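The lines below spell out each chain.
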Amino acid sequence: MWQSFYDTMIAKGRWRLVPQGLGTTLLISLCAVAIGSVLGCAFALLKISKKKPLVAVANLYTTVIRGIPMATQLMIFYFVIFSPIGVKNAVLVAIISFGINSGAYCTEIFRAGIQGVDAGQMEAGRSLGLNWAQTMAKIIMPQAFRTILPTFTSEFIALIKETSVASFIAVMDLQKSCDNIRNATYNAWIPLLCCAAIYLILTVGLTKLFAVFEKRLAKSDRS
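All values derive from a computational prediction rather than experimental measurement.

A separate point is the side chain of Glu 155. Along the polypeptide, Glu 155 turns up in helix H7 (residues 132-162). Put simply, Glu 155 is tucked away with no salt bridge, and the nearest opposite charge, on Arg 66, sits 8.4 Å away. Glu 155 has contacts with Ser 102, Tyr 105, Cys 106 and Ile 109, leaving out every residue within four places of it along the chain.

What follows deals with unusual backbone geometry. The backbone phi angle of Lys 12 is positive, close to 60 degrees, even though this residue is not glycine. Structurally, Lys 12 can be placed in the loop between helix H1 (2-10) and helix H2 (17-47). Phi is positive for Tyr 186, which is not a glycine, with a value near 60 degrees. Along the polypeptide, Tyr 186 turns up in the loop between helix H8 (174-185) and helix H9 (189-222).

Moving on: the packing of H2 against H8. Axis separation between H2 and H8 bottoms out at 7 Å; the angle between their running directions is 155 degrees. As judged from the angle between their axes, H2 and H8 are roughly antiparallel. Residues Leu 17, Val 18, Gly 21, Leu 22 and Thr 25 of H2 form the contact with H8, whose participating residues are Leu 174, Ser 177, Asn 180 and Ile 181. Class assignment of the residues belonging to the contact of H2 with H8 gives a composition of five nonpolar, four polar and no charged.

Residues with a pLDDT of 70 or more make up 98% of the protein chain, whose mean pLDDT is 90. Confidence, expressed as mean pLDDT per element, reaches its minimum in the protein chain at H1 with 79 and its maximum at helix H3 (residues 52-67) with 96.

Right, let's talk about the nonpolar core for a bit. Counting 51 residues, the largest nonpolar core has Phe 98 and Ile 169 as the members making the most contacts within it. Going through the elements one at a time, H2, H3, helix H4 (70-82), helix H5 (90-115), H7, H8 and H9 are the ones with two or more residues in this core. Per-element tally for this core: the top contributor is H5, with 11 residues.

Parameters at a glance
Residues numbered from 1 in each chain as written. Predicted model: local features only at pLDDT ≥ 70, side-chain atom pairs only at ≥ 80, totals over all residues. Heavy atoms only, no water. Helix = DSSP H or I, 4+ residues; strand = E, 2+ residues; numbered from the N terminus. Buried < 20%, exposed > 50% of the residue type's maximum accessible area, 1.4 Å probe, protein only. Lys, Arg positive; Asp, Glu negative; His and termini not counted. Salt bridge = Lys/Arg side-chain N within 4 Å of Asp/Glu carboxyl O. Contact = heavy atoms within 4.5 Å. Axes fitted to C-alpha atoms, helices over the stretch in contact; angles between N-to-C directions. Parallel < 35°, antiparallel > 145°, perpendicular 65-115°, else oblique. Nonpolar A, V, L, I, M, F, W, Y, C, P; charged D, E, K, R; others polar. pLDDT = per-residue confidence, 0-100. Core = buried A, V, L, I, M, F, W, Y, C linked by side-chain atoms within 4.5 Å.

Here it is in structure tokens:
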């Protein structure tokens, strides 16, 4: 077994592909969740707006993006939208694609969190002389953040796993790196199990890390 692992992963320095692919996966995930958070916050505010055209735009965005598989979206962005205008950077396209996709899910997460805050909090903020934006930023959003943190954590972890389809547009992510090792060695089980183990360690590790953060946040609220 050790010899098989050596021949597959260690020989000819093939193991170097794994950290390179992992780095790309993390880069895409972190940038995409940042984009998704910004879009989610913006469209969540549109969704709770009293202006019907803004609500319609937000509903259209979330319906379309959440209704199309991520792999299909990724290929549409790459082959239909970006390639014709000369954008060939697959990693950049992946970041934008996953960011837009994440934004649709974050929209619903943020909307639920904002609407979960007691309506009297807005009235209290306005009575203190704060305008709508100040009340939202200083009173509503901090309370909403505490509510949505577990769901937002789950979205981030799900996003990391979804990035495995980035290989569809030739992004050299973790999945693609392990696939290349498999193709070079004709050994499927070792590189694929290594890939699965790394994804598992990432998701379990992040779950525990965020759980610790949530506990500390809860303690600070009680103190």
